[in-house]
Amino acid sequence: MSGRPHLPPFDGAAEWLNSEPLGPADLRGRVVLVNFWTLTCINWLRQEPYVRAWSQAYRDDGLVVVGVHTPEFSFEREVDWVRRAVAARSIDYPVAVDNDYAIWSAFDNHYWPALYFVDTDGVIRDDHFGEGRYEQSERVLQQLLGIEREPVPVEGLGPEAAADWDNLRTPETYLGFSRGEHFASPNGAVLDERRAYELPESLSLNQWALAGEWTIGAENVVVDRAGGSIAFRFHARDAHLVLSPGAGESIPFRVSLDGEVPGPSHGVDVDEDGNGVLLDGRLYQLVRQDGAVRERTLEITFGEPGAEAYAFTFG
């Protein structure tokens, strides 16, 4: 950043988790790492084990990590979902719930995840957007803290594991009509109206389609009758889907790969027979291909109406 801006106030947070509200005056004299995130973001999930490890490793040296949760999808404004995400990821550092984008705007931030490195005088000395650059980021923290050590060992598990970039050939794909693309059900999409959809005879790589009764909204697709399914033709080791139960409390689903049970290629949120349960609004890992990565067709079928699907991401 040019001009060496100072840490802006964290005004406007809907709530603080793990802490009383903090501001620049409270943090003066400490090195601060500000981490913008949203709970469904696969890029943040893969970055988070590093941020968590730095928080724990350098806390006694004067580092304070402040998470800022700014929602991408409307359901992420539910503080309970944020609280569950914080618990699931074992996040014990302060988190500001930035539902109205007040802190996001104060930083003039544009990305999830984003890191801002602040020195003991409250000056933002560095920033980084997206995944990666972990060793360099840790060195920046050490320089600001005035220490020098070997980097902290980090290994992400489940959805936190690093992507298999060499085999990743399918992009993040949104399902709602405001950003949706590559939709392949015959006769196209009807917006904000319940209707029956069918799968095409075949899907090309990176295409998706609906079967059964669905309503396609601005940011999601909602299944209106039990048995509705989404099919996606992808090439990646991992396949994830951002889901919310909507008004429901528990919605069973089943995942197949090329029409068969996933077996050892199941994701952490699915068993070998392809069974899973939608309980929380979050990202669900449906597939982690076992062995050689190749092009596959994923299909997820919901046992109850009400499930909301937002975006597929891959790794």
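Check the entry above for the structure.
Residues numbered from 1 in each chain as written. Predicted model: local features only at pLDDT ≥ 70, side-chain atom pairs only at ≥ 80, totals over all residues. Heavy atoms only, no water.

Trainee: Describe in detail the overall build of the protein, supporting the description with residues and values.
Mentor: A tally of regular secondary structure across the protein gives 5 helices and 17 strands. Computed over its C-alpha atoms, the radius of gyration of the protein comes to 21 Å, within 12% of the 20 Å expected for a compact globule of 315 residues. Split into buried and exposed, the 315 residues of the protein put 54% on the buried side. Across the protein, contacts joining residues at least 24 apart in sequence account for 72% of those joining residues at least 6 apart. Accessible area of the protein: about 13,600 Å², with a carbon and sulfur share of 45%. (Helix = DSSP H or I, 4+ residues; strand = E, 2+ residues; numbered from the N terminus. Rg over C-alpha atoms; globule rule 2.2 N^0.38 Å. Buried < 20%, exposed > 50% of the residue type's maximum accessible area, 1.4 Å probe, protein only. Contact = heavy atoms within 4.5 Å. Areas by Shrake-Rupley, 256 points an atom, 1.4 Å probe, with all protein chains shown as cover.)

Trainee: I'd like a rundown of the nonpolar core, residues and numbers included.
Mentor: Of all hydrophobic cores here, the largest spans 37 residues; its most connected members are Leu33, Trp37, Trp54 and Leu63. When residues of this core are traced back to their parent elements, those giving at least two are β2 (31–37), α2 (42–58), β3 (63–69), α3 (79–88), β4 (95–97), β5 (114–118), α5 (134–145) and β17 (308–314). Sorting elements by how many residues they give to this core places α2 first, with 6 residues. Aside from chain neighbours lying at most four places away, what touches leucine 33 is Val51, Trp54, Leu63, Val64, Val65, Val66, Leu115, Tyr116, Phe117 and Leu141. In this structure, Ile230, Ala236, Leu286 and Val287 belong to the second largest nonpolar core, which totals 31 residues. (Core = buried A, V, L, I, M, F, W, Y, C linked by side-chain atoms within 4.5 Å.)

Trainee: Could you give an account of the sheet that holds strand β6 (residues 124–129), naming the residues involved and the relevant values?
Mentor: Judged by pairing direction, the sheet is mixed, and its 6 strands sit side by side in the order β1-β4-β3-β2-β5-β6 without closing on themselves. Since the sheet does not close on itself, it has two edges, and those belong to β1 (15–17) and β6, each with one partner. Pairs of neighbouring strands in the sheet enclose a mean axial angle of 20°, with direction left out of account. Where β3 meets β4, 3 bridges bridge the pair, whose relative direction is parallel. Counterpart to glycine 67 in the pairing with β4 is valine 95. With respect to the sheet, α5 is in contact with β2, β3, β5 and β6, its orientation differing from that of β5 by roughly 20°. (Pairing = 2+ DSSP bridges. Axes fitted to C-alpha atoms, helices over the stretch in contact; angles between N-to-C directions.)

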